[in-house]
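# Fold and geometry: a report
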Amino acid sequence: MEWWPEGWPDDNIIGLIVGVYATTLLAIMSPFLVWYLLSWLACLVVTPVAWLARSTLGRPSPVIAHWEENPWAEWSGSADGRQAADELVQRVAAEVAQFAAPRSLTAPRTELIELTTVRETPIVERIAARWRSRRTGPNS
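All of the points below concern the structure found in this document. Small disclaimer: the values here were computed from a predicted structure and weren't measured.

## Thoughts on the overall build of the protein chain
Scanning the protein chain from N- to C-terminus turns up four helices and two strands. Going residue by residue from the N terminus, the α and β elements of the protein chain occur as α-β-β-α-α-α. Buried positions account for 19% of the 140 residues belonging to the protein chain. In the protein chain, of all internal contacts separated by at least 6 residues, the share reaching a separation of at least 24 is 42%. Of the roughly 11300 Å² of accessible surface on the protein chain, a fraction of 64% belongs to carbon and sulfur atoms.

## Focus: the nonpolar core
Of all hydrophobic cores here, the largest spans nine residues; its members are Val63, Ala65, Ala73, Trp75, Ala79, Ala85, Leu88, Val92 and Leu105. Secondary structure elements with two or more residues in this core: β1 (60-65), β2 (75-80) and α2 (82-99). The element that contributes the greatest number of residues to this core is α2, accounting for three residues.

## Here we look at helix α1 (residues 13-56)
Think of an α-helix as turning once every 3.6 residues; residues three or four places apart then point the same way. For α1, which comprises 44 residues, the first-to-last C-alpha distance of 64 Å matches the rise-based estimate of 64 Å (1.5 Å per residue) to within 8%. Residue Met29 marks the point of greatest curvature in α1, where the axis turns by about 40°; the proline Pro31 follows within four residues. Phi for Gly58, located one or two positions after α1, is positive at around 75°.

## Some details on the packing of aromatic side chains
Each aromatic ring pair is specified by the distance between its two centres and by the angle formed by the two planes. Counted according to the given criterion, the structure contains zero aromatic pairs. The ring of Phe99 carries the charged tip of Arg103 above its face, separated from the ring centre by 3.7 Å.

Cut-off values and rules
- The residue count restarts for each chain, going from 1 along the sequence in the order it is written.
- Given that this is a predicted model, residues contribute local features only at a pLDDT of at least 70 and side-chain atom pairs are listed and counted only at 80 or more, while totals for whole chains, interfaces and linings are drawn from all residues.
- The basis for every side-chain value is the complete set of non-hydrogen atoms in the structure, without hydrogens or water.
- Here a strand is any run of E in DSSP of at least two residues, a helix any run of H or I of at least four, and the numbering for each starts at the N terminus.
- Type-normalised accessible area, obtained with a 1.4 Å probe on protein chains alone, sets the label of each residue: buried when under 20%, exposed when over 50%, and partly exposed for intermediate values.
- Contacts: residue pairs with any heavy atoms within 4.5 Å of one another.
- For the area figures, the Shrake-Rupley method with a 1.4 Å probe applies, and any residue is considered shielded solely by the protein chains shown.
- Throughout this description, the term nonpolar core refers to a set of buried Ala, Val, Leu, Ile, Met, Phe, Trp, Tyr and Cys residues connected via side-chain atoms within 4.5 Å.
- To estimate how far a helix should extend, the number of its residues minus one is multiplied by 1.5 Å.
- Note on bend: at a given residue it equals the angle between the axes fitted to the 7 residues ending there and to the 7 starting there.
- Two aromatic rings, drawn from Phe, Tyr or Trp (for Trp, its six-membered ring), form a pair once their centres lie within 6.5 Å of each other, and the interplanar angle then sorts them: stacked below 30 degrees, edge-to-face above 60, tilted otherwise.
- Counted as over-ring charges are cases with an Arg CZ or a Lys NZ within 6 Å of the ring centre that also lie within 35 degrees of the ring normal.

Below, the structure is given as structure tokens:
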């Protein structure tokens with residue numbers, strides 16, 4: 001048959017079974033592949049729009065710092081605009097060089113600072129700790 005890429009599989013029962021199986025698998029998987037492709041393209045289109053909206057609407061830019069040895073402990077802050085965020089990053093870099101910790105950013109929760117490896121805390125606990133710290137506020 002002409003529509004099969006390299007002709008229909010061999011003219012025996014095994015070739016027929018493989019051909020039917022491949023066609024069925026393609027028919028089953030194609031909606032998922034199309035969905036994945038469309039969601040990836042949507043993210044690709046929305047990213048520059050979201051960045052422009054954030055910069056033009058004056059939304060604060062997040063600034064996050066963490067050590068490579070302990071990615072769970074994140075010092076976080078925000079700045080109004082990209083230039084202010086760049087200045088905050090420079091200030092935090094100077095603070096880390098001078099004091100070994102960023103003083104301009106909000107410190108993470110104590111239990112996250114004590115962790116040393118990624119395997120010690122599952123991602124769910126890290127997300128829960130972030131939500132707790134946002135809900136209670138930085139002064140708590």
